[in-house]
Structures are given as structure tokens and as C-alpha cells.
2 protein chains.
Amino acid sequence: MPRTDMIDIKEAQEVFIDCLKSRGLRYTSQREAILETFLSSMKHLTVEELYALVKEKNMDIGYATVARNMKFLVECGIADEIKVGNKRTRFERHYGRQHHDHLICLKCGAFIEVHDSNIEMLQNKLAEANDFVPQRHKLEIYGICRECR
Amino acid sequence: MPRTDMIDIKEAQEVFIDCLKSRGLRYTSQREAILETFLSSMKHLTVEELYALVKEKNMDIGYATVARNMKFLVECGIADEIKVGNKRTRFERHYGRQHHDHLICLKCGAFIEVHDSNIEMLQNKLAEANDFVPQRHKLEIYGICRECR
DNA sequence: GGTGATATTGATAATGGTTATCATTATTGT
DNA sequence: ACAATAATGATAACCATTATCAATATCACC
Ligand SMILES: [Mn+2]
Ligand SMILES: [Mn+2]
Ligand SMILES: [Zn+2]
Ligand SMILES: [Zn+2]
């Protein structure tokens with residue numbers, strides 16, 4: 001694991017601990033394991049996948065605990081939810097990252113991260129032109145990735 | 001109801017009938033009621049809402065029949081599915097309309113239809129730059145609409 | 001360190017939307 | 001009319017998510 005990731009995890013840990021404290025909540029060993037496993041993976045994980053990863057580290061943990069705490073990570077700004085269709089919700093790191101959108105492969109399910117500030121700018125103009133105050137958006141392009149062709 | 005909508009419904013009816021025929025399926029009174037009610041509404045409807053509308057026209061019909069046939073309408077290119085978060089799937093007319101995206105109000109749930117060909121063009125370039133063959137996309141901007149401010 | 005208050009955990013049940021099942025009814029072609 | 005096939009609709013099954021709650025762990029305070 002590269003050093004920068006270690007530093008990121010330490011920082012995120014502090015953010016998480018502060019966020020929990022401000023709500024009268026505690027930083028438990030389960031929460032530490034979930035946070036570290038999540039941030040180390042660098043993938044777009046489901047609760048089930050993360051649950052399996054935490055258990056691999058000979059950590060005895062319950063599915064509900066993982067699910068519950070991923071919600072807290074989202075509320076604390078450390079994780080983001082990704083909902084595609086009716087499939088299981090996935091989570092990705094949010095803290096320390098910039099906004100991005102996704103190209104999603106219909107064959108292998110890969111998430112390719114992209115960003116285009118021109119598109120973002122035009123989106124804001126589009127909202128403004130409709131007297132609409134934008135708060136967030138979701139752009140997903142579905143198709144076939146390089147490897148699947 | 002404006003005349004153009006009547007014509008639209010007649011056209012869509014033919015498309016639906018042809019699509020059903022090509023699959024060895026039949027055009028029933030329930031399917032007619034679902035199609036006409038759906039196309040007349042001009043809204044982004046859930047199965048439940050459409051089910052209620054069909055029943056209002058003193059049509060005795062089952063929920064499963066509405067749900068099943070909305071799937072057929074999608075497969076026949078007459079309707080489009082809209083899935084936002086984990087909320088119930090909504091349907092809108094597809095046949096005879098051009099592609100558009102949505103501004104979605106977080107307060108009242110309104111769907112404002114928008115289109116920006118520059119954004120669409122940039123999306124295609126973005127996909128191409130990543131060696132990705134786009135097939136479809138979903139752009140949703142969440143915020144507060146004019147009426148809710 | 002002991003104590004009472006409060007939060008956490010994890011097994012399991014409940015929920016809610018969607019889809020499948022299947023006996024009954026309707027339609028079709030001959 | 002008959003046999004074949006599809007459609008319907010009540011209900012059950014499914015599945016991801018969320019709620020419940022008894023048992024356990026942690027905290028603040030003395
Ligand atoms: Mn991502
Ligand atoms: Mn629309
Ligand atoms: Zn792929
Ligand atoms: Zn609104």
C-alpha cells in the first residue's frame with residue numbers, strides 16, 4: 001500500500017471520529033475495520049463485498065453492522081452511494097477526492113471514472129435556464145468498455 | 001385532449017399491436033386500457049398510479065397485469081423506465097418523443113424535461129476519449145424547482 | 001475501580017418494490 | 001365446436017434494505 005493511502009486513511013479516520021463525536025457516537029473496533037478495509041480497497045463495493053473483505057481479516061462482524069456504518073460514512077462525507085438500476089448499492093471513497101461521473105460497462109460492470117468541467121458548466125447553465133437551483137447531479141454513460149470489445 | 005394526442009395514441013397503438021403480433025402475443029382490452037390511460041396522462045407515472053387511473057375508468061384490472069404490460073410497452077419502444085434511487089420505477093412516453101434528461105426537484109418531486117445537444121456531444125467525446133462505446137446515458141440534476149422556492 | 005447511563009452490535013424479522021407462479025378465463029385458428 | 005395457446009389476476013416468492021431488540025461494550029462520573 002503506497003504511503004499516500006496510509007496518510008489518507010489517517011486523515012479520514014480523524015474526520016470520521018470527529019463526525020461521530022459530534023453526534024455522541026463512538027469509534028469502535030468494528031468501525032475502524034470497516035473504514036480501513038473500505039478505504040484500502042479503491043473499488044466500488046457493495047455492502048456484501050465489503051462485509052466479506054472485513055471478515056477475511058479474521059474480524060468477526062455482522063452484515064447489519066457493515067450496512068449501518070456505511071450509512072454513517074456517507075453522512076460523514078467519507079463515502080458516496082452509487083445506485084444503478086435496481087442493483088445493490090455500491091460505495092466509493094468521497095473524502096479527499098474530486099467529483100466525477102462514471103462510464104459503466106454493460107458487459108463486465110466496470111466503473112470508469114471521468115470528469116469534464118465543460119459538461120459540468122453546461123449542466124449548471126441548463127439548470128439556471130430553467131429557474132432551477134441545482135444541488136447535485138448524476139451522469140452515467142452505459143456502453144461497452146475497451147476490454148470487452 | 002388535443003387532436004395531436006389522439007393521433008399519437010392511434011399510432012402508438014399500431015406500433016404496440018405490431019410488436020405484440022411479432023411475438024405471438026394478443027392485443028387485449030386490458031392492454032388497450034393501459035396504453036390509452038398511460039399515453040393520455042403525460043406524466044411520469046408509477047405502476048401504482050397507472051393502476052389507479054385505469055381502475056377509475058371502471059375497468060377491473062389486476063396490479064400484476066399493469067406491471068407486466070408496462071414492461072411490454074418498454075420492450076416495444078413505447079415507454080421508458082425512470083429509476084431514481086430506490087424509489088418506485090416511473091414510466092414516461094418514449095414513442096414519438098425525442099431523448100431528454102431531467103431536472104428533479106428534491107422538494108416536490110417534479111420532473112422538468114431538458115435537452116442540451118452540446119452536453120450530449122461532449123458526452124460522446126468523453127466516452128470516445130476513454131475507448132468506450134456509449135449506448136445510452138442518464139443525466140439527472142437534483143435541486144429545487146421554481147415553485148418550491 | 002465501581003456504577004449507572006448510553007451506545008453498539010449482530011441475529012433476525014419486517015418492509016417494500018418487483019417478479020414469478022398457477023389455476024382460471026379468454027382468444028385464436030381450424 | 002374443439003384443441004391449442006395466451007392472458008389475467010390473486011397471491012406467493014424474491015431480494016435488497018431497514019428496523020428490532022436482547023446482549024454486550026463503552027463512557028462519564030464519582
Ligand atoms: Mn467512482
Ligand atoms: Mn421525462
Ligand atoms: Zn467491460
Ligand atoms: Zn419542486
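One structure accompanies this document, and this report is about it. (Residues numbered from 1 in each chain as written. Chains lettered and ligands numbered in written order. Predicted model: local features only at pLDDT ≥ 70, side-chain atom pairs only at ≥ 80, totals over all residues. Heavy atoms only, no water.)

**Details of the protein's contact with DNA strand C**
Here is step 1: Taken together, 19 residues sit near DNA strand C, with A:Thr28, A:Arg31, A:Thr65, A:Arg68 and B:Thr89 positioned nearest.
Here is step 2: The sugar-phosphate portion of DNA strand C accounts for 70% of its atoms within 4 Å of the protein, the bases making up the rest.
Here is step 3: Side-chain polar atom of A:Thr65 to a phosphate oxygen of DNA strand C: 2.8 Å apart, as the coordinates give it.
Here is step 4: Residue B:Thr89 places a main-chain N or O atom 2.6 Å away from a phosphate oxygen belonging to DNA strand C.
Here is step 5: Those elements giving two or more residues to the surface near DNA strand C turn out to be helix H2 (29–41) and helix H4 (63–75) of chain A together with helix H4 (63–75) of chain B.
Here is step 6: For the surface near DNA strand C, the element with the highest residue contribution is H4(A), accounting for four residues.
Here is step 7: Looking at the surface near DNA strand C residue by residue, the class counts come to four nonpolar, seven polar and eight charged. (Near = heavy atom within 4 Å. Polar contact = N/O pair within 3.5 Å; in protein donor to acceptor, adjacent residues only side chain to side chain. Helix = DSSP H or I, 4+ residues; strand = E, 2+ residues; numbered from the N terminus. Nonpolar A, V, L, I, M, F, W, Y, C, P; charged D, E, K, R; others polar.)

**Regarding the packing of H2(A) against H4(A)**
Residue and element names in this part refer to chain A.
Here is step 1: Interaxial distance between H2 and H4 falls to 10 Å at its minimum, and their mutual angle equals 70 degrees. As summarised for this structure, H2 and H4 are arranged roughly perpendicular, according to the angle between their axes. When you trace H2 past H4, the crossing you get is right-handed. Residue-level contacts link Gln30, Arg31, Ile34, Leu35 and Phe38 of H2 to Thr65, Val66, Asn69, Met70, Phe72 and Leu73 of H4.
Here is step 2: Within the contact of H2 with H4, the residues separate by chemical class into seven nonpolar, three polar and one charged. (Axes fitted to C-alpha atoms, helices over the stretch in contact; angles between N-to-C directions. Parallel < 35°, antiparallel > 145°, perpendicular 65-115°, else oblique. Left-handed = near helix turned anticlockwise from the far one by under 90°. Contact = heavy atoms within 4.5 Å.)

**So, the sheet that holds strand S2 (residues 79–82) of chain B**
All names here are of chain B.
Here is step 1: Reading across from one edge, S1-S3-S2 is the order of the three strands in this open sheet, with antiparallel pairing throughout. Of all the strands in the sheet, just strand S1 (45–46) and S2 have a single pairing partner and so form its edges.
Here is step 2: Strand direction decides the pairing type here: S2 and strand S3 (residues 90–93), joined by four bridges, are antiparallel. Bridge assignment links Ala79 to a residue of S3, and that residue is Arg93.
Here is step 3: Relative to S3, helix H2 (residues 29–41) is tilted by about 80 degrees, and along the sheet it contacts S1, S2 and S3.
Here is step 4: Along the sheet, H4 makes contact with S2 and S3, crossing S2 at roughly 110 degrees. (Pairing = 2+ DSSP bridges.)

**Here's the deal with the side chain of A:Gln123**
Here is step 1: The residue A:Gln123 is located in helix H5 (residues 117–129) in this model.
Here is step 2: Since its relative accessible area comes to 2%, A:Gln123 is described here as buried. (Buried < 20%, exposed > 50% of the residue type's maximum accessible area, 1.4 Å probe, protein only.)

**A closer look at the sheet that holds strand S3 (residues 90–93) of chain A**
Residues and elements named next belong to chain A.
Here is step 1: Overall, antiparallel pairing links the three strands, which are arranged S1-S3-S2 in an open sheet. Each edge of the sheet is formed by a strand with only one pairing partner; in this case those strands are strand S1 (45–46) and strand S2 (79–82).
Here is step 2: Each of S1, S2 and S3 is contacted by H2, which is oriented at about 80 degrees to S3, the strand it contacts most.
Here is step 3: Sitting on the sheet, H4 touches S2 and S3, and the angle it makes with S2 is about 110 degrees.

**Section: the pattern of salt bridges**
Here is step 1: Scanning the entire structure with this criterion turns up 20 salt bridges over all chains.
Here is step 2: Put simply, A:Arg23 and A:Glu75 hold a salt bridge, and the shortest N to O gap is 2.7 Å. Of this pair, A:Arg23 sits in the loop between helix H1 (3–21) and H2 while A:Glu75 sits in helix H4; the two residues are 52 residues apart in sequence, bridging distant segments of the chain.
Here is step 3: Accessibility expressed as a relative area gives 49% for A:Glu75, which makes it partly exposed.
Here is step 4: With its nearest N and O atoms 3.6 Å apart, the salt bridge here joins B:Glu81 to B:Lys71. Here the residue B:Glu81 occupies a position in strand S2, and B:Lys71 occupies one in helix H4, the gap between them amounting to 10 residues.
Here is step 5: Take B:Glu81: its relative accessible area is 35%, and that puts it in the partly exposed class. (Salt bridge = Lys/Arg side-chain N within 4 Å of Asp/Glu carboxyl O.)

**Regarding the relation of the copies chain A and chain B**
Here is step 1: Rotating chain A by 180 degrees and moving it 0.0 Å along the rotation axis overlays it on chain B with an RMSD of 0.1 Å. Read as a symmetry element, the transformation amounts to a two-fold axis. For chain A, the minimum C-alpha distance to the rotation axis belongs to A:Leu139 and amounts to 2.3 Å.
Here is step 2: Looking at the interface residues of chain A, 100% of them are also at the interface in chain B, so both copies use one shared face. (Least-squares fit on C-alpha atoms with pLDDT ≥ 70 in both.)

**Regarding the coordination of the zinc ion (ligand 4)**
Residue and element names in this part refer to chain B.
Here is step 1: Those donors, Cys105 (SG), Cys108 (SG), Cys145 (SG) and Cys148 (SG), are the protein atoms that reach the zinc ion (ligand 4), and they lie 2.2 to 2.4 Å from it.
Here is step 2: With four donor atoms in place around the zinc ion (ligand 4) and angles of 103 to 115 degrees between them, the coordination shape is tetrahedral.
Here is step 3: Coordination of the zinc ion (ligand 4) draws on donor residues from a single chain, spaced C-x2-C-x36-C-x2-C in sequence. With Cys108 in the loop between strand S4 (101–105) and strand S5 (111–114) and Cys145 in the segment after strand S6 (133–144), the pair connects residues that are 37 residues apart, well separated along the chain.
Here is step 4: The class for Cys108 is partly exposed, based on a relative accessible area of 47%. (Donors = N, O, S within 2.8 Å, 3.2 Å for Na, K, Ca; no water. Tetrahedral: all angles 85-135°; square planar, octahedral: opposite > 155°, others 65-115°.)

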